[in-house]
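Reading the structure
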Amino acid sequence: MNVFAARSMARMALLSAVALAVLMVAGLAAEAQPARGGHLTVAQSAEPPLLNPSATTATAATSIVHHNVLEGLVKVDRSGALTPGLAESWTVSPDATEYVFRLRRGVRFHNGQEFTSADVKAKFERARDPESGHTNQRYYTSIASIETPDPYTVIFRMSEPDAEFLYNLARPDSVIVPAGTEDTQGVHPVGTGPFRFVEWVRGSHVRLERFEDYWNQPLPYLDSVTFRFITDPNTQVAALLAGDIDAVTGAVTAEQALRVQQAGGFQVIQGPTTNTVILAMNNSRPPLDDVRVRRAITHAINREEVMIGAEFGFGTPIGSHMTPAEPYYADMTGVTPYDPDRARALLAEAGYADGLELTLSLPVSYTYALRSGEIAAGQLARVGIRVNIELVEWSTWLSRIFGQADYDLTVIGHAEPMDIGIYGNPDYYFRYDSAAVRELLAEAKRVGDEERRREVYAQIQRQLAEDAVNVWLYARPYFILSRADVDGWWDRLPMVITDVTEVHFSR
Amino acid sequence: MQAYLVRRAITFVITAWLAASIAFATLLVIPGDPARIILGFDASPEAVAALERQLGLDLPPLVRYGQWLSDLARLDLGTSLVYQMPVGQLIRERLPVTLPLTAMALAIAVAIGVPLGLFAATRRGGAADLLAIAFAQAGIATPSFWLGIFLILIFAVRLRWLPAGGFTPWTQDPERTLLSLILPAVALGASRAASLTRIVRSSALEVLSADFVRTARAKGVPEGRVIRRHVLRNALVAVSTVIALEVGQLLAGAIIIESVFALPGLGALVLNAVSNRDFPLVQGIVICLAAGILVLSLITDVLYAYLDPRIRYS
Amino acid sequence: MNRHRWLRHHWNLAAGLVILGLLLGSAGLSFLYVPHDPNRTNIADRFAPPSDRYLLGTDQYGRDLLSRMVVGSRTAIRVGVVAVAIGLGIGLLVGGMAAYSGGWIDEILMRIMDAVAAYPPLLLAILFASILGPGDISGMLAIGVATVPVFARLTRASFLALVESEFVQAARAAGAGTARVICRHLLPNGAAVLLVQATTTFANALLAEAALSYLGLGTQPPHPSWGRMLREAQDFLIFSPYPAVFPGLAIAVTVLGLNLLGDGLRDVLDPKTRSSAARRV
């Protein structure tokens, strides 16, 4: 138990330091206008293949360009709420079949061109064209027509009610670029954001500079930003401590945070994310097609222990496929709580009193998944489920597990916000087929009334938890490690972005 | 001599073709689907199929092999699936990192290994010899990534003498570029220095006990001259014979060291290419590495013929 | 030579043998007794320092380090032995065939060997790991395959030298068959060089497994391997140094032992250095 205590003390120390940092930020904000100028170097672990978020879903790309270089009609703010982006205002018809956007006037792209409704139309015509190779086209399938009565008005008419459309417009896939530049966006992104793209030295860094004609003056505060790619987490921390870089963002781990915290003189910002870490089960493969077995597995898992082993206790335990950082979250951790005796009883009832054997496939590139998986395997062993661990590379995971559902169990984090809709697709790799959930999801998409939508989403979360489709382990914590004199970071991550628009040096 | 060179050139081409074909065959059996990796998590099967058509991945393997070989014959390495850029250009971009890194590591290895090995051999059995052996053994037994991390902790974090990682382009600030290569080159070169120490020591011991050295000594040739004329020369022959092998080891080691020190080199590129299943890029890098090593071994053979006294005296 | 003098001249052989003995002993012992289940996680006891209960402390999941180290020696032996078996087995076959057949068979075989040798071994290992999935099998295979050319060349060279030698000519003249010549005369005489190379390969295989583990392609969890333990512990250095120190030491000492063994064997088996050693005294 001594280590337990030591760990929670470490966590307490970190939390109070975070609180202190927040207080300091608040104090400074009250003082005066943040200082302008300066160059910021940020490290992130992965380098994207391309920088165009409508051609690649790599979060390494969106974290650099979304909000910083490229913007959409609607934006998510740091609390997760939808705010005006390139659209000044909008109206939605009560049945959610017509969206009218009033665009900002006088907005310029980085190439000098003026932003108009023609660019919006070109963007979404492409997004809904199945031949275009645009990412995540399911967000745009309900668009029936796009009208542009004048350069500053866009009307979307939907073929069916789509209450999620507004949220989808805030996603990185929906950024607006000058019409006709799509082919070069991957290597040279051009948008309307506060920073313009300067260079990409492959294997090394991406450099952005302040866009002087940004529509939302006086933002941004910084003169320039460099995103550097450093794979090894130990090297990231060393570079920060040595003063080579100013901050580490992206997939920062708890042990990195604790190390920087211990070194002193730096700030560690911690908050929630929408990254749902799950022990996914193949619902179509015996014995996992038996809900009693899936419930037994859920009862066998002690989420607190998983979080201690995988994230030093940071994160939030969850009981269904939504996180507290998402708008319609309902707490379902009580539906199938940790209860090894109940797990054994359920296994016996399902005919596995002598235990059973399952394979757990873990993606090697994700440390949190490896660690969660190893601990979960140990916990399952205690109720009589022998788990063989199999490591798979990410590409193999994508083609074999995600593509063909050839697996028993796996652990992975679903980083995308508001992605509960995947449970309506029986071909998704969980192979979960429930008419009831499909009907509820369709209703959630239809209803315009907020209260009713909240109720429907809560019902979906409860149904999933009762069917024990997966074991929802925890929502991943979010860390930014930064020099003490850099302020304006987001303290939570409602979408996978590193928004540096308001980041500044304090003097 | 000319006939020898022609023969070597022909075998070089055949060996390079074999090495390239091994790479092609390997990549055919690797599971994983580049189109899905490019499109990501939630790509529809139709989109994946469309991209595969676009990238030519739906063609039968033999057709792809033929295409690739004929491109290769024109020195065209193809286009990277993920970066959508010519493979040749991607490799050229990385050479300013990996070549200096490897060269520096090799220089460190030779600069430490040769004198230390000679020194140890001349004091065989003494305390100095023992220390040299201990260094050599420790150097070989330490995993390079482990050494790299400790070097960062000491020289970058604690002492702040050198950068912890990353790379400044040569055109921007050559001095800083050089500084950023020092730690990785030491981490990479240490185990090679250790192995060279052993090789030089044992070859020197062999020479020291050879008849012609004993004759020279008996004739009263000064010890320093014996060392320079005979022992050093033979030690260099020994080093030159393993240099191609050592460079191969260094290039392999660079894969790990570049990832420890966040260097945008060939090793980092190949690691990425393999995990992205970027087949043309992997093949291109493999061919370049293999060709480099084969060229080196060709040079070694010629050098060997030049340096080895037995061949010259005959 | 009395025993004292033997030890003085062959201290490296003796030290190598002792270390190898320790490795084999701990692997053997692990079948009979380990203090704790090496794979049992116990979050409450994580990062425990060495104590009566956990002699070497525990790792990030509260698993007993000593038990994992001891069971890990089995992995080390398996990785080394399989790598050597592949390298030596195929190398012997290819080298022997090349030397014995000569002509175009020799030429083709040796060109293929050149092609394989042109691959950096770690790259080969990464490719294998991609085909077979991550795990120690890919590491063993890759190191084995990567050393095939070395063994083949050594075999071929020593066979060629011996085939021409007088006593093999004599055996042939006396009517000894091919197999008999190979088994009775060629193998024992080439054995010295190959044995030395085998110890080096064994050591390299251990280091390669650690390198593959660094890249996340090594042994499958939860099975303990020193390379993987070292890699995992590296992230937790500030919480507890023990999980990194002990496996690191184990790798270093084992590699050291194997190299000493190789050096010692060379001294004993190679007539040239043996005579020189005798002369210097």
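Each value, and the rule that gives it
- Residues numbered from 1 in each chain as written.
- Chains lettered and ligands numbered in written order.
- Predicted model: local features only at pLDDT ≥ 70, side-chain atom pairs only at ≥ 80, totals over all residues.
- Heavy atoms only, no water.
- Helix = DSSP H or I, 4+ residues; strand = E, 2+ residues; numbered from the N terminus.
- Buried < 20%, exposed > 50% of the residue type's maximum accessible area, 1.4 Å probe, protein only.
- Contact = heavy atoms within 4.5 Å.
- Areas by Shrake-Rupley, 256 points an atom, 1.4 Å probe, with all protein chains shown as cover.
- Buried area = accessible area lost by both parts, 1.4 Å probe.
- Salt bridge = Lys/Arg side-chain N within 4 Å of Asp/Glu carboxyl O.
- Polar contact = N/O pair within 3.5 Å; in protein donor to acceptor, adjacent residues only side chain to side chain.
- Nonpolar A, V, L, I, M, F, W, Y, C, P; charged D, E, K, R; others polar.
- Domains from an automatic or database assignment.
- Phe/Tyr/Trp six-rings, centres within 6.5 Å; stacked < 30°, edge-to-face > 60°.
- pLDDT = per-residue confidence, 0-100.
- Arc of directions from axis to C-beta.

Re the overall build of chain C
Across its full length, chain C holds eleven helices and zero strands. Start at the N end of chain C and walk to the C end: the helices and strands fall as α-α-α-α-α-α-α-α-α-α-α. A buried classification covers 56% of the 281 residues belonging to chain C. A separation of at least 24 residues holds for 68% of the contacts in chain C among residues at least 6 apart in sequence. Taken as a whole, chain C presents about 11,700 Å² of accessible surface, with 66% of it coming from carbon and sulfur.

Let's talk about the interface of chain C and chain A
A common way to express how large an interface is: the accessible area buried when the components associate. Contacts between the two partners involve 28 residues from chain C, matched on the other side by 27 residues from chain A. Summed over both sides, the interface between chain C and chain A buries roughly 2,500 Å², with carbon and sulfur atoms accounting for 55% of that surface. At the boundary of chain C and chain A, one finds one salt bridge. Here A:Glu374 makes a salt bridge to C:Arg63, at a shortest N to O gap of 2.9 Å. Along the contact surface separating chain C from chain A lie three residue pairs in polar contact (both at pLDDT 80 or more). Mapped by element, the contributors of at least two residues to the side of chain C that touches chain A are α5 (121–132) and α9 (226–234) of chain C. Taken together, the residues of the side of chain C that touches chain A sort by class into 14 nonpolar, six polar and eight charged.

Considerations on the interface of chain B and chain C
Across the contact, 40 residues belong to chain B and 37 residues belong to chain C. Each partner contributes to the roughly 3,800 Å² buried at the junction of chain B and chain C, and carbon and sulfur atoms together form 73% of this total. The tally of links between chain B and chain C comes to one salt bridge. Here C:Asp263 and B:Arg198 are joined by a salt bridge, their closest N and O atoms 3.0 Å apart.

Points about the domain arrangement of chain A
Residue and element names in this part refer to chain A. With domains assigned, chain A is organised as domain 1 (2–12 + 272–477) and domain 2 (71–186). For domain 1 versus domain 2, the distance between C-alpha centres works out to 33 Å. At the interface, ten residues of domain 1 touch twelve residues of domain 2. Each partner contributes to the roughly 940 Å² buried at the junction of domain 1 and domain 2, and carbon and sulfur atoms together form 43% of this total. Scanning the region where domain 1 abuts domain 2 turns up one salt bridge. Put simply, Glu-416 and Arg-138 hold a salt bridge, and the shortest N to O gap is 3.5 Å. Counting across the interface, domain 1 meets domain 2 through six residue pairs in polar contact (both at pLDDT 80 or more). Of all the secondary-structure elements, those providing two or more residues to the side of domain 1 that touches domain 2 are α12 (435–446) and α13 (450–467).

Concerning the packing of aromatic side chains
Across all of its chains, the model carries 35 aromatic pairs over all chains by this definition. When the ring of A:Tyr99 is compared with that of A:Phe101, the centres are 6.5 Å apart and the planes differ by 10°; the resulting orientation is stacked. Residue classification places A:Tyr99 among the buried residues on the basis of a relative accessible area of 2%. When the ring of B:Tyr65 is compared with that of B:Trp68, the centres are 6.2 Å apart and the planes differ by 35°; the resulting orientation is tilted. Residue B:Tyr65 and its partner B:Trp68 are both found in helix α4 (residues 61–73); the two are separated by three residues, about one turn of the helix. Grouping residues by exposure puts B:Tyr65 and B:Trp68 together as buried.

Things to note about the confidence of the model for chain A
Confidence in the prediction of chain A, expressed as mean pLDDT, is 89, and 93% of residues score 70 or more. In this model, residues 1–31 of chain A is a region of pLDDT below 50 whose contacts with residues beyond four sequence positions or in other chains number 33 contacts.

Overview of helix α3 (residues 45–55) of chain B
Residue and element names in this part refer to chain B. Buried within α3 are the following residues: Ala-47, Val-48 and Leu-51. Down the axis, α3 shows its buried residues gathered within 100° of arc, on one side only. Summarising the geometry of α3, the exposed residues directed more than 90 degrees from the buried face are Pro-45, Glu-46 and Arg-53. A positive phi of about 75° marks Gly-56, the residue just after α3.

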